[in-house]
Amino acid sequence: MERYSNAFELPRDVWLAIAITVATTLIEDLCRFRMTCCVAHDVGDEDTVLRMVAIPPLHDMNWLWIRDPIGRRFFKRCIEIGHPELLFQEALRELYIRRNHAIGWEMLQNAARNGLDAAKYALSMELLIRRDDSDAKKEGLELFCMLEAGNLLPACYSSCFAVLTISWPDEVQMPEKGEEHTVCESTRCLTRGHMGLLYDYRRRAAERDSIHGVGGADHIRCIRCRADYEVERFVDIARGHLAAQYTVAMMLMLRDDAESKNKGLQTFRGLKAAGALTNCKLVFHSVVQGTWRHLRRLPMLNAENLVCSSHACPSRGNMGAIYCHQRYGRGWDVNDGDGGAAHIPCVHCRADYELILFVHLFD
Ligand SMILES: [Zn+2]
Ligand SMILES: [Zn+2]
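Residues numbered from 1 in each chain as written. Chains lettered and ligands numbered in written order. Predicted model: local features only at pLDDT ≥ 70, side-chain atom pairs only at ≥ 80, totals over all residues. Heavy atoms only, no water.

- If you check an unreviewed UniProt entry, the chain appears there as At2g35280-like TPR domain-containing protein from Arachis hypogaea.

So this is what it looks like as structure tokens:
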């Protein structure tokens, strides 16, 4: 039986301020806070507090919370009262996974109104895709220009990428963009109509493991053409799903428990066998670009969480040295082909090498 202690006679607004501070730090902290006494319990349940709960990054989300009825009710309530981040995530799922367009559209607008940049981004993409609606296009372009001016596009793309590809990569269905449909309509623009080609070129380059796969349309002067490039990237988001698997595998292997490590290693082996690692790193690198907004704590790698733990392995413990040699010896880039740890027979050690690389992709 739980028993609450007596409430301290603090004014309500002080309690509220405390609850908000706790809620914006960590969701678990809010739960603990609510267990301390009955005043905390009540205050911790107020809309103002719940609207500001810090939601962990998706790859770090405890899935038990979502399966558990109490957890589910909690998140449902947060969405109902308009928690911007949760509303945005749910909106993307409604739009592109469950295909409930009307509901998703409403939620997305709501999240954008609440000031969430990623929601404004997705909204602008949706508006720009509309073919026969010039008002929608104008509104979409205004949003796009604002995000572009604030240098927010990479972070926004990365948020959409995380929501759509980390949990259900295979079920994502993005909207169709008409072949002929472009945001740029200027007859004097030199780049008009070429953004699809440029995007395809970059994607194919990435698939061939070429470093030319990285980079966008930042060098293009026409902002409308840049919007066209971004639309291509957005409707193609689900193709990045191998990169999402890569991210999840790496995050799992960085954990301390054997079960997560094994799960991560299994995916890692699959990606390695498919020759997809370099491409995944390129995609991930372009997504991260130092703006993985959700990530408040960077992943850590230390002696305790290495994957190879075999005492008989001759290469164990040398991966850090090999990595440093690679990085500082002949110049380091993601696209290191066979130059990395490919000659080392121990797959666990190779995973460790990739983990060191992964952690450095955040630099
Ligand atoms: Zn143009
Ligand atoms: Zn080893």
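A closer look at the overall build of the chain
- Broken down by element type, the chain carries 18 helices and zero strands.
- When the 363 residues of the chain are sorted by exposure, 50% land in the buried category.
- Counting only contacts in the chain whose residues sit at least 6 apart along the sequence, the fraction spanning at least 24 positions is 70%.
- In the structure as shown, the chain presents an accessible area of about 18900 Å², 52% of it carried by carbon and sulfur atoms. (Helix = DSSP H or I, 4+ residues; strand = E, 2+ residues; numbered from the N terminus. Buried < 20%, exposed > 50% of the residue type's maximum accessible area, 1.4 Å probe, protein only. Contact = heavy atoms within 4.5 Å. Areas by Shrake-Rupley, 256 points an atom, 1.4 Å probe, with all protein chains shown as cover.)

Some thoughts on unusual backbone geometry
- One non-glycine residue, R99, adopts positive backbone phi at about 60°.
- Counting through the fold element by element, R99 comes out in the loop between α7 (84-96) and α8 (101-113).
- A positive phi is found at N151, a non-glycine position, where the angle reads about 55°.
- Here N151 is to be found in the loop between α10 (134-149) and α11 (153-166).

Describing the coordination of the zinc ion (ligand 2)
- Within the protein, C308 (SG), C313 (SG), C346 (SG) and C349 (SG) serve as the donor atoms for the zinc ion (ligand 2), at 2.3 Å.
- In this structure, the zinc ion (ligand 2) is coordinated by four donor atoms arranged in tetrahedral fashion, with angles at the metal of 100 to 116°.
- Written as a sequence motif, the donor arrangement for the zinc ion (ligand 2) is C-x4-C-x32-C-x2-C. Take C308 and C313: they sit in the same class, and that class is buried. (Donors = N, O, S within 2.8 Å, 3.2 Å for Na, K, Ca; no water. Tetrahedral: all angles 85-135°; square planar, octahedral: opposite > 155°, others 65-115°.)

Quick look at the coordination of the zinc ion (ligand 1)
- Summarising the metal site, the zinc ion (ligand 1) is bound by the protein donors C184 (SG), C189 (SG), C222 (SG) and C225 (SG), whose distances to it range over 2.3 Å.
- Taken together, the four donor atoms coordinating the zinc ion (ligand 1) and their angles of 101 to 114° define a geometry best described as tetrahedral.
- Taken in chain order, the donor set of the zinc ion (ligand 1) reads C-x4-C-x32-C-x2-C. In this pair, C184 sits in the loop between α11 and α12 (195-207) while C225 sits in helix α13 (residues 223-235), placing the two residues 41 residues apart along the sequence. Just as C184 is buried, C225 falls in that class too.

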